[in-house]
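What follows is each chain in one-letter form.
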Amino acid sequence: MITVSSVAGNAGEQCDDLRGDMKLLVVDDAPEMLKAFRDILEAHGCEVYEAENGEEALTKYADMKPDVVLMDILMPRLDGISATKRIIQDDPLAKIIVISAVGKSGLEKECLVAGAKEFIVKPFKVKELLNSIDMLVKG
Amino acid sequence: MKGIESVRGYQEEIIEAIPSTIIVVDRNLEVLYANRNYYAKSVAKKERDVLGERLSRVIPPFLIEKTRIDDKIREVFLTGVPFDGDQLRYPGGMFYFYKIYPLKEGEACISKVVIFMENITELTRLEEELRDSYVKLENAYDELKENDEMKSEFISTASHELRTPITVINSYIEMFEEGMLGELGIVQREKIQIISSQIEHMIRLVEDMLDTSRLESRKLKIHKSSIKVDEIARKVLDELGRLAGLKEQAVSLTIEGPLSEIEGDGRRITQVFNNLLTNAIKYTHNKGKIDVIIRDEPYNVRVSIVDNGIGVAKKDQSKIFEKFFTGNGSSLTRESGRMGLGLAIAKGIVEAHKGRIWVESEIGKGSTFIFTLPKA
């Protein structure tokens, strides 16, 4: 798990430097969750695209080529793990963070094997999420 | 004189006393002998009607038909191998069991066979009853298990479903706190803090619910590593010190002897301390005393959490470790903020470590919660 590094001073300002112009695709079947992701990420200068299920995520990924994907697991039509596998198939360098409401230990492994770079369990801290995104983009 | 020697000369009495039917026939299937039990069952028949008669006239014809007993007897005569038994159903729900044994005379020459017949109606009935009860029991168990699984599944689904809305609320609280949604005044900041602490509480309740469903479905995973129980105790006491401080309680930690490290799940053992100490603080009066004593024993590390609080009634001492038990019978008068899961979870975790947990208590004087964690 990535450790929380301290962000000094005004969090928003410093992060803007790092995340300016960054494109993120957020995938979740709960519209409120999508809205929260958008508010958090746009406040940090990111461009945000939304998908409500795994299938939509595949099309959006191909169209937008986002820098990072935030992926829910339990969704209608196509689940997050299958979607992750399919995206990685087409783009092995895709940076996908799975954000799950289910915290089973076997599941984390399954997601990482599918090609996700990180596994975060809901409820997460906004700072923790932003840090994970930073680490992925920097690495 | 021992064994068969000691009863030589009593054969007749013994055979007559056997509560099964015994019939001896020769190669022509003519009856040479029938014991007392045969006459007791076939009241109409006298010895003179039976001896020298063909077997088919001595036992009911349908019986011959059904069992092909005559063929079986011929087979025994031919091979010298006993017929080891079969079950036979009489009309009227009677059940018999019969066997045929060759009687050898001298040089393996078989001139007679003996037929044993036993009424096993009662036995068969009991067996059937037993089988019926077993099936019923099994069905009831399956049904119960299914209900229980459905309930666990429901708890699991419900707590997972709650996570997304909690995450959304939490995210906005954090954004408010970080000033990302504009500057907050003192009043707003204070209210946001209340929402935040209540959401934290809700997260703990959801986690407790999930843990309970994991315990029930035996999906609670223990990730073992080398842990120091005293370090965990210190950490939890540090965290809960503020809570005890609010009630001006004196909390102490005593370590008896050098403690062995044990193999355990640090996060889960922290949870056990947390649940037990939160209870101790909650159920001990202001200015009360709570002592945590950790002792090294030959096979265990033993933790006692001693308080001088309200205590637990004798009749409740085993029940408090059951889930959803909250101390009194009515669900309307229970204290808020509790689901009665803390002790059930603590018990589940301790037992998953192959340890034991129990309480010693006297009403009004206080409680001692004890748990042990095996060293190996």
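Residues numbered from 1 in each chain as written. Chains lettered and ligands numbered in written order. Predicted model: local features only at pLDDT ≥ 70, side-chain atom pairs only at ≥ 80, totals over all residues. Heavy atoms only, no water.

Visitor: Explanation requested: the nonpolar core in the structure shown.
Guide: Nonpolar side chains in soluble globular proteins generally cluster together in the buried interior. Residues and elements named next belong to chain B. Counting 40 residues, the largest nonpolar core has Phe 273, Leu 277, Ile 305 and Phe 371 as its most contacted members. Residue assignment for this core shows that the elements contributing at least two residues are helix 9 (229-246), helix 10 (266-282), strand 9 (289-296), strand 10 (300-307), helix 11 (342-352), strand 11 (357-362) and strand 12 (366-374). Residue contacts for Phe 371: discarding those within four places in its chain leaves Val 272, Phe 273, Leu 276, Val 301, Arg 302, Val 303, Val 350, Arg 356 and Ile 357. (Core = buried A, V, L, I, M, F, W, Y, C linked by side-chain atoms within 4.5 Å. Buried < 20%, exposed > 50% of the residue type's maximum accessible area, 1.4 Å probe, protein only. Helix = DSSP H or I, 4+ residues; strand = E, 2+ residues; numbered from the N terminus. Contact = heavy atoms within 4.5 Å.)

Visitor: Please clarify how the packing of helix 10 of chain B against helix 11 of chain B should be interpreted in this entry.
Guide: When two helices pack together, their arrangement is given by the angle between the helix axes and by the axis-to-axis distance. Residues and elements named next belong to chain B. Orientation of helix 10 relative to helix 11, taken along the N-to-C sense of each, is 145°, at an axis distance of 9 Å. Two packed elements cross with a definite hand, and for helix 10 against helix 11 that hand is left-handed. Side by side, helix 10 and helix 11 meet where Arg 268, Ile 269, Gln 271, Val 272, Asn 275, Leu 276 and Asn 279 of the first sit next to Gly 342, Leu 343, Ile 345, Ala 346, Ile 349 and Val 350 of the second. Its residues assigned to classes, the contact of helix 10 with helix 11 comprises 8 nonpolar, 4 polar and 1 charged. (Axes fitted to C-alpha atoms, helices over the stretch in contact; angles between N-to-C directions. Left-handed = near helix turned anticlockwise from the far one by under 90°. Nonpolar A, V, L, I, M, F, W, Y, C, P; charged D, E, K, R; others polar.)

Visitor: Would you take a moment to explain a nonpolar patch on the surface for this structure?
Guide: There is a patch of nonpolar side chains on the surface, built from Ile4(B), Val7(B), Tyr10(B) and Ile14(B) and spanning about 390 Å² of accessible area. For Ile4(B), a relative accessible area of 63% gives the class exposed. (Patch = residues over 30% accessible without salt bridge, like charges linked within 9 Å, V, L, I, M, F, W, Y side chains within 5 Å. Areas by Shrake-Rupley, 256 points an atom, 1.4 Å probe, with all protein chains shown as cover. Salt bridge = Lys/Arg side-chain N within 4 Å of Asp/Glu carboxyl O.)

Visitor: How should the pattern of salt bridges be read in this particular structure?
Guide: All names here are of chain B. Under the definition given, this model contains 34 salt bridges over all chains. Across the pair Arg 125 and Glu 129 runs a salt bridge whose closest N-O atoms are separated by 2.6 Å. Of this pair, Arg 125 and Glu 129 both sit in helix 7 (residues 121-177), 4 residues apart, which is roughly one turn of the helix. The class for Glu 129 is partly exposed, based on a relative accessible area of 42%. Here Lys 375 makes a salt bridge to Asp 296, at a shortest N to O gap of 2.8 Å. With Lys 375 in the segment after strand 12 and Asp 296 in strand 9, this pair connects stretches of sequence that are 79 residues apart. Residue class for Lys 375 comes out partly exposed when judged on its relative accessible area of 22%.

Visitor: I would appreciate a short explanation of the sheet that holds strand 4 (residues 94-105) of chain B in the present structure.
Guide: Strand pairing in a sheet is mediated by backbone hydrogen bonds. Such pairs are either parallel or antiparallel. Residues and elements named next belong to chain B. Strand order across the open sheet formed by 5 strands is 2-1-5-4-3, with antiparallel pairing between neighbours. A single partner strand is all that each edge strand has here, and the edge strands are strand 2 (31-34) and strand 3 (83-90). On average, adjacent strands in this sheet sit at an angle of 20° to one another, irrespective of strand direction. With respect to the sheet, helix 6 (residues 69-79) is in contact with strand 1 (21-26), strand 3, strand 4 and strand 5 (109-119), its orientation differing from that of strand 5 by roughly 140°. (Pairing = 2+ DSSP bridges.)

Visitor: Just checking my understanding: could you explain the interface of chain B and chain A for this structure?
Guide: Interface size, as often reported, equals the accessible area lost upon joining of the parts. The interface of chain B with chain A comprises 17 residues on the first partner and 21 residues on the second. Summed over both partners, the interface of chain B with chain A comes to about 1,700 Å²; 62% of that surface belongs to carbon and sulfur atoms. Where chain B packs against chain A, one counts 2 salt bridges. Across the salt bridge formed by Lys125(A) and Glu200(B), the nearest N and O atoms sit 3.7 Å from each other. (Buried area = accessible area lost by both parts, 1.4 Å probe.)

Visitor: In this structure, what is going on with the packing of helix 2 (residues 31-43) of chain A against helix 7 of chain B? I would like to understand it.
Guide: With their axes 9 Å apart at the nearest point, helix 2 of chain A and helix 7 of chain B run at an angle of 25° to one another. By the angle class used here, helix 2 of chain A and helix 7 of chain B are roughly parallel. The interaxial crossing formed by helix 2 of chain A with helix 7 of chain B has left-handed handedness. Contacts between helix 2 of chain A and helix 7 of chain B involve Glu32(A), Met33(A), Lys35(A), Ala36(A), Asp39(A) and Ile40(A) on the former and, on the latter, Thr164(B), Thr167(B), Val168(B), Ser171(B), Tyr172(B) and Met175(B). For the contact of helix 2 of chain A with helix 7 of chain B, a count of residues per class yields 6 nonpolar, 3 polar and 3 charged. (Parallel < 35°, antiparallel > 145°, perpendicular 65-115°, else oblique.)

Visitor: Before we go on, may I ask you to explain the sheet that holds strand 4 (residues 96-100) of chain A in this structure?
Guide: Residue and element names in this part refer to chain A. With respect to topology, 5 strands assemble into an open sheet ordered 2-1-3-4-5, the strand pairing being parallel. The open sheet has two edge strands, strand 2 (47-51) and strand 5 (118-121), and neither has a second partner. Averaged over all neighbouring strand pairs, the angle between strand axes comes to 20°, with direction disregarded. By the bridge criterion, 3 bridges tie strand 3 (residues 68-71) to strand 4 in an arrangement that is parallel. Its bridge partner lying in strand 4, Val 69 is registered against Ile 96.

Visitor: Even after reading the chapter, I still don't get the packing of aromatic side chains, so can you show me in this structure?
Guide: The way to describe two aromatic rings as a pair is by their centre distance and the angle between their planes. Evaluation of the coordinates by the stated rule reveals 6 aromatic pairs over all chains. Pairing Phe37(A) with Phe124(A) gives two aromatic rings, centres 6.1 Å apart and planes at 5°, and the pair type is stacked. Here the residue Phe37(A) occupies a position in helix 2, and Phe124(A) occupies one in the loop between strand 5 and helix 6 (126-138), the gap between them amounting to 87 residues. Assessed through its relative accessible area of 1%, Phe124(A) is described here as buried. Sitting over the face of the ring of Trp358(B), Arg356(B) holds its NZ or CZ atom 4.2 Å from the ring centroid. (Phe/Tyr/Trp six-rings, centres within 6.5 Å; stacked < 30°, edge-to-face > 60°. Lys NZ or Arg CZ within 6 Å of the ring centre and 35° of its normal.)

Visitor: I tried to follow the side chain of Thr121(B) on my own but got confused; where do I start?
Guide: Its place among the elements puts Thr121(B) in helix 7. On the basis of relative accessibility, which here comes to 17%, the residue Thr121(B) falls in the buried class.

Visitor: It is not clear to me how the confidence of the model for chain B should be interpreted in this structure. Could you clarify?
Guide: Here chain B averages 87 in pLDDT, while 95% of its residues score no lower than 70. Taken as a whole, residues 329-334 of chain B scores under 50 in pLDDT and shows 4 contacts with residues more than four places along the chain or in a different chain. (pLDDT = per-residue confidence, 0-100.)

Visitor: Can you walk me through helix 10 of chain B in this structure?
Guide: Counting along an α-helix, one turn takes 3.6 residues, and residues three or four places apart therefore face a common direction. Residues and elements named next belong to chain B. Taking 1.5 Å as the rise per residue, helix 10 with 17 residues should run 24 Å; its terminal C-alpha atoms sit 24 Å apart, in good agreement. For helix 10, a buried count of 13 out of 17 residues is recorded, marking the element as mostly surrounded by other parts of the structure. Between the side-chain oxygen of the N-cap and the backbone nitrogen of Arg 267 there are 3.2 Å, and the N-cap of helix 10 in question is Asp 265. (Expected span 1.5 Å × (residues − 1). Polar contact = N/O pair within 3.5 Å; in protein donor to acceptor, adjacent residues only side chain to side chain.)

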